[in-house]
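Structural overview
Residue strings, one per chain:
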Amino acid sequence: MQGEDVRYLKRKVKGGNIDVHPSEKALVVHYEVEAMILGEMGDPVLGERKECQKIIRLKSLNANTDIASLARKVVEECKLIHPSKLPEVEQLLYYLQNRRDASAGKEKKEKSSKPKDPSPFEGMEIDEVANINDMDEYIELLYEDIPDKVRGSALVLQLARNPDNLEELLINEAALGALARVLREDWKQSVELATNIIYIFFCFSSFSQFHGIITHYKIGALCMNIIDHELKRHELWQEELSKKKKAVDEDPENQTLKKDYEKTYKKYQGLVVKQEQLLRANEGYKQIAMCILYHISMDDRFKSMFAYTDCIPQLMKMLFACPDERVDLELISFCINLAANKRNVQLICEGNGLKTLMKRALKFKDPLLMKMIRNISQHDGPTKSLFIDYVGDLAAQISNDEEEEFVIECLGTLANLTLPDLDWELVLKEYKLVPYLKDKLKPGSAEDDLVLEVVIMIGTVSMDDSCAALLAKSGIIPALIELLNAQQEDDEFVCQIIYVFYQMVFHQATRDVIIKETQAPAYLIDLMHDKNAEIRKVCDNTLDIIAEYDEEWAKKIQSEKFRWHNSQWLEMVESRQMDDSEQYLYGDDRIEPYIHEGDILERPDLYYNADGLIAPDGSVSPDFFSDYHLQNGDLIGQHPFSSSVGVDGFGQPPGVPGRPVTAYGYRQDEPYYYSYGAR
């Protein structure tokens, strides 16, 4: 080949299987090198393919090695191993760590004719090389006796450990169905068989595009059953061993009891090794267990179940013992989810739980830890009262000098504190919060997340008469209206700003400002018919209060309500093309006499009591408060304000809705959360 042709040489390296070395502490990485000579047009002229191996020797591997760290190092340094194979590398290293030394095994065989206990991977270590073209034969083995099933599953596992084969295995429904059936029916009969088949499905689970088959065959539920069964078996083994140990201690001279105990102990060790291979139960997999629990905690139906386990005390110990400034992402994400449930929060706050959390969060300025505290603060009851001691610490963080994400969580926590004994006016003045809050209301002055928390904070402090007057005097109401104009397309902003108005119209001083000096009522009338149900409801409740105190606005509001519903009715009637058979549908009389040609505003019986419109007696429809559902495992009202119905700490009458739940509300703030599948 001439020198000028070198530019047409193309070399491609393709990774393959990873195996353990048969005798050394090493990994064997199989890969394929393909070299092609391309023509001038880029088409291949000549090609050659060669299969190669790379041996990664692990001389430092011993019983105390951190397998997870070593696996990451191997994947980082060996470019032939794709990062997605990290879990597989961990398992192979774990096997190498626990594999018996070959020479030691040989000496033992020479000394005794008794067969040694099977190694953890005995079911997988066979003297055959699997071929994807022989899948039909391997499937037939799954219908034979247990030894053949173990052999068949081991051969399929060889294929599944190569990601290139997974798509072809996926389309073989007969094979997957047979594997799932054998696992479901025979897993108790052979640990090796169960290990092989679960390992096969583990290979599929390593890639998100194959998660569907894991769900389809309910492998997750089956694995949980297997884990539960194996844990119970382990308890029984330990009980049996403990009884025999006790018998030996009581009669140390009895050689029969001693030999029986030693025999049982050796058997126990062998069983534990096999069980650990099935369960992968070691410290290196604590993170995976944490991620599984995290995903379970995402489901509102199961959040409260954690309160009936010893999970939360363990998590708190891990959290407080974390040596770094920032808590591990998996751990804090899990804790944030659990803190969204009231029962869990009671356990979290036991003893000095909240005090320790606050101390750590304020010391390290950790936004995720403060997010957990924010979730804790949203629950009414004794836990919320604990925050009275930390209001000053939280208020001191509200400044432009702190990290914005941390300030957002501190503001959100303060906004949740609807405490009757809390003097908000003193807090606002002492920490000079009013100028800060007003400044952040200017459109474009800060990120939307921070501005929204400022609005919510204003809504909370406005429950207090003196605070509402202080805010009104500072010019915050016009700033809110300006922000409403700027954010009119954002339902979250609109709903929270209207709620501030709702709170302020309860107080004489701010009510007069809103009604007589601003155009807020006009904005509210425009929003009466917004497509968002939550906005309509808070808007209607605010207008009902305005109508009660101002006759002029009352007529405008009632007129608009009637105009809207009348126009809807007329639009329905006019849209119908009445033919001869329909012309007497409504009788011979005109519609007008039913209105008695009087002033419609004198007819309260015509007002509707649905969708926020007042009933003839002026009360809010009872349906407004009657819908309940589960959220984060707690029973709450469906309406966004119903969580706070009743007399509050600021002297407002019973039946007054509380603050609407924000989009942050009780759910997770997903950008902060660790997605295990994305790693």
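Residues numbered from 1 in each chain as written. Predicted model: local features only at pLDDT ≥ 70, side-chain atom pairs only at ≥ 80, totals over all residues. Heavy atoms only, no water.

**Observations regarding a nonpolar patch on the surface**
Worth spelling out the cut-off: Here the term patch refers to residues with relative accessible area over 30% and no salt bridge, with like charges joined within 9 Å and nonpolar side chains (Val, Leu, Ile, Met, Phe, Trp, Tyr) within 5 Å. Here, Shrake-Rupley sampling with a 1.4 Å probe gives the accessible areas, and only protein chains in the shown set may cover a residue. Salt bridge, as applied in this entry: a Lys or Arg side-chain nitrogen positioned within 4 Å of an Asp or Glu carboxyl oxygen. Secondary structure elements are taken from DSSP: a helix is a run of H or I of four residues or more, a strand is a run of E of two residues or more, and numbering for both begins at the N terminus.
Taken together, the side chains of Met224, Ile227 and Leu231 present a nonpolar region at the surface, about 270 Å² in accessible area. Looking at where Met224 falls in the secondary structure, it is placed in helix H10 (residues 219–250).

**Observations concerning helix H30 (residues 533–549)**
What counts is decided by this rule: By this rule the span expected of a helix is its residue count minus one, scaled by 1.5 Å. Only protein chains enter the calculation, and the probe is 1.4 Å; a residue is then buried if its accessible area is under 20% of its type maximum, exposed if over 50%, and partly exposed in between. Here a polar contact is recorded for every N or O atom pair within 3.5 Å, except that within protein the pair must consist of a potential hydrogen donor and a potential acceptor, and residues adjacent in sequence are included only if both atoms are side-chain atoms.
Over its 17 residues, H30 extends 25 Å from the first C-alpha to the last, a length consistent with the 24 Å expected when each residue adds 1.5 Å. Of all the residues in H30, the buried ones are Ile535, Val538, Cys539, Asp540, Asn541, Thr542, Leu543, Asp544, Ile545 and Ile546. By the N-cap criterion, in which a side-chain oxygen at the helix start approaches the backbone nitrogen of a residue two or three places on, H30 is capped by Asn532, the distance to Glu534 being 2.8 Å.

**Brief notes about the pattern of salt bridges**
Should their charged atoms come close, side chains of opposite charge can pair. Summed over the entire model, instances satisfying the criterion amount to 23 salt bridges. Residues Glu402 and Lys365 are paired through a salt bridge, measuring 3.6 Å at the closest nitrogen-oxygen approach. Taken together, the residues span a long stretch of sequence, with Glu402 in the loop between helix H20 (391–395) and helix H21 (404–415) and Lys365 in the loop between helix H17 (353–364) and helix H18 (367–377) at a distance of 37 residues. Given a relative accessible area of 25%, Glu402 falls into the partly exposed group. Taking relative accessible area as the criterion, Lys365 reaches 26% and is therefore assigned partly exposed.

**Comments concerning the packing of aromatic side chains**
Selection rule: Here a pair means two rings of Phe, Tyr or Trp (six-membered ring of Trp) with centres within 6.5 Å. Their orientation is stacked below 30 degrees between planes, edge-to-face above 60, and tilted elsewhere. A ring has a charge above it when a Lys NZ or an Arg CZ is no more than 6 Å from the ring centre and no more than 35 degrees off the ring normal.
Going through the model one piece at a time under the given rule, you end up with eight aromatic pairs. A network of ring pairs unites the aromatic residues Phe204, Phe207 and Phe210 as a single cluster. Just above the ring of Tyr549 sits the side chain of Arg511; from NZ or CZ to the centre is 3.6 Å. In this arrangement the basic side chain of Lys556 is found over the ring face of Trp553, its NZ or CZ atom lying 4.4 Å from the centre.

**With respect to a negative patch on the surface**
We apply this condition: Under the convention used here, Asp and Glu are negative, Lys and Arg are positive, and both His and the chain ends fall outside the count. To locate a charge, take NZ of a lysine, CZ of an arginine, CG of an aspartate or CD of a glutamate.
A surface patch of like charges, here negative, comprises Asp136, Glu137, Glu140, Glu144 and Asp145. Of note, Glu140 is situated in helix H4 (residues 135–141).

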